[in-house]
Amino acid sequence: MVRRLSLWIRAHPIIGDASIAVFVLLFDYVFMGDTGRPGIAPISWVGVGALLVAPLLVRRRFPIGAAIVIAFGGVIQLLTHQVGTGIVQLRPADLALGFALYTLVAYVGRKPGLIYGSVLVLGTIIWALRSVRDAHITVVGTFAFGGLMIFTIFFIAGEYYGARRAYSAEVERRLALLETERDQQARIAVADERARIARELHDVVAHAVSVIIVQADGASYAIRNNPELAESAVETISTTGRTALAELRRLLGVLREDDTEAELAPQPDATGLSRLADQIGLPVRLQLSGDIDGLPAGIGLNLYRIIQEALTNTLKHAGASATALVTVCRGEDDVEVSIEDNGSGAPTAAFREVSGGNGLIGMRERATMHGGELEAGPRESGGWQVHASIPLQPS
């Protein structure tokens, strides 16, 4: 209950300031009464009280201005609140001087608080010097010491609260910075994911369309003379199209804006190389050595995509009579893959366009993301080759 009230007052500071001002006024006018101001003009008494207490209502919003007005009220009190032959009478409204000191230290800073505190100490000394002539020095000293102690307590309280405010502001600033960094990281992650999906789409579409075109061309030539070969080509087209469509649905499902979960499908890996060689649409000889099936998932996927892209380029640019040799060797520290074909050996303009686009760049990125290397170029004996080396453990 107390904590809830404290939070509510913090959210509505004017209520707390008004409560302090009312408390000081009640203490000043009710408890002191007429006996507290003999020989002092009522107008002066009320006016000084207003100068001391009224600025408390706006002390948080205008801390320096409120402190100056309250200090001015204290000066007027030194000049007008004299009792008997010289004693300057103190009053409960003087607590406003302490609240002004507290507000300056907490909301403005230590340096303005020290300056204002020095003014209060000087005022206390002047009061003591003027009062000690007509009162016992012990009484004056006691009041002076008590006033200085009260001002010291207000200064320490302001220093403590100011430190808490500075700490809270720093925590809020760091939280805001962390939220900004989190949003930036989220946007970077989304951009990376979209780039990955773009590479996946390129691999899927380029491979599937190339296989379908080659198989369709072959089926159109063999449909009359070799119906069985044409039927096999049509079956390959159907299988390749369904596989590509399933992968496209899976990848595009990630980009959907609604909350519906995308259809989940296993990612291809090195275990699917045999099926890839059978579906590519040209003679492919596959040589595997080592534990290829036990490759890490990420390396297996990128290995599959590198081989798929390289064979797709062979299919499109090496010629109808080309064959390919795929060699995958897993060693103790890395896995090496080589794709060679016996095509013309000189890349066509179309291949040069692909090699400068997503094809070769995508293959190289898939190798380098695991700390590996990829090289591609014509073979000395004719044809084209792609060689990649991917470490099994990150360096």
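For the structure, see preceding data.
Definitions and limits used
Residues numbered from 1 in each chain as written. Predicted model: local features only at pLDDT ≥ 70, side-chain atom pairs only at ≥ 80, totals over all residues. Heavy atoms only, no water. Helix = DSSP H or I, 4+ residues; strand = E, 2+ residues; numbered from the N terminus. Contact = heavy atoms within 4.5 Å. Phe/Tyr/Trp six-rings, centres within 6.5 Å; stacked < 30°, edge-to-face > 60°. Core = buried A, V, L, I, M, F, W, Y, C linked by side-chain atoms within 4.5 Å. Buried < 20%, exposed > 50% of the residue type's maximum accessible area, 1.4 Å probe, protein only. Axes fitted to C-alpha atoms, helices over the stretch in contact; angles between N-to-C directions. Parallel < 35°, antiparallel > 145°, perpendicular 65-115°, else oblique. Left-handed = near helix turned anticlockwise from the far one by under 90°. Nonpolar A, V, L, I, M, F, W, Y, C, P; charged D, E, K, R; others polar. Polar contact = N/O pair within 3.5 Å; in protein donor to acceptor, adjacent residues only side chain to side chain. Pairing = 2+ DSSP bridges.

Here the focus is the side chain of Ser-338. Among the secondary structure elements, Ser-338 is positioned in strand 5 (residues 334-341). With residues near it in sequence (within four places) discarded, Ser-338 still touches Leu-325, Val-326, Thr-327, Val-386 and His-387.

The next subject is the packing of aromatic side chains. What the rule picks out here adds up to 4 aromatic pairs. Their ring planes at 50° and their centres at 5.8 Å tell us that Tyr-107 and Tyr-161 sit as a pair that is tilted. On the criterion of sequence distance, the pair formed by Tyr-107 in helix 5 (residues 95-108) and Tyr-161 in helix 7 (residues 137-225) is long-range, its members being 54 residues apart. One aromatic cluster is present, formed by Tyr-102, Tyr-107 and Tyr-161 through successive ring pairs.

So, on to the nonpolar core. The biggest cluster of nonpolar side chains holds 31 residues, and the ones touching the most others in it are Leu-303, Ile-307, Val-328, Val-335, Ile-339 and Leu-374. Looking at this core, the elements with two or more residues in it are helix 9 (273-279), helix 10 (297-317), strand 4 (324-330), strand 5, helix 12 (358-368) and strand 7 (384-391). Among the elements that line this core, the one with the most residues is helix 10, at 8 residues. Excluding anything up to four places from it in sequence, Val-328 contacts Leu-273, Gln-287, Leu-288, Ser-289, Ile-292, Leu-303, Ile-307, Val-335, Glu-336 and Val-337. Listed in part, the 23 residues of the second largest apolar core include Phe-99, Leu-101, Leu-120 and Tyr-161.

Axis separation between helix 4 (residues 63-80) and helix 5 bottoms out at 9 Å; the angle between their running directions is 155°. In terms of their interaxial angle, helix 4 and helix 5 are classed as roughly antiparallel. Relative to helix 5, the crossing made by helix 4 is left-handed. Contacts between helix 4 and helix 5 involve Pro-63, Ile-64, Ala-67, Ile-70 and Ala-71 from the first element and Ala-96, Leu-97, Ala-100, Thr-103, Leu-104 and Val-108 from the second. Taken together, the residues that form the contact of helix 4 with helix 5 break down as 10 nonpolar, 1 polar and no charged.

Turning next to the side chain of Thr-124. Note on placement: Thr-124 falls in helix 6 (residues 110-131). Note on Thr-124: relative accessible area 12%, which makes it buried. Polar side-chain contacts of Thr-124 include one of 2.8 Å to the backbone oxygen of Leu-120. Once residues within four sequence positions are removed from consideration, Thr-124 is found in contact with Ala-144, Leu-148 and Phe-151.

Attention shifts here to the pairing of strand 5. Summarising the sheet, strand 4 and strand 5 pair through 7 bridges and their orientation is antiparallel. Within strand 5, the residue paired with Cys-329 across the bridge is Glu-336. Hairpin connection from strand 4 to strand 5: 3 residues lie between these consecutive antiparallel strands. Pairing between strand 5 and strand 7: 7 bridges, direction antiparallel. In the strand pairing of strand 7, Ser-338 is matched with His-387.

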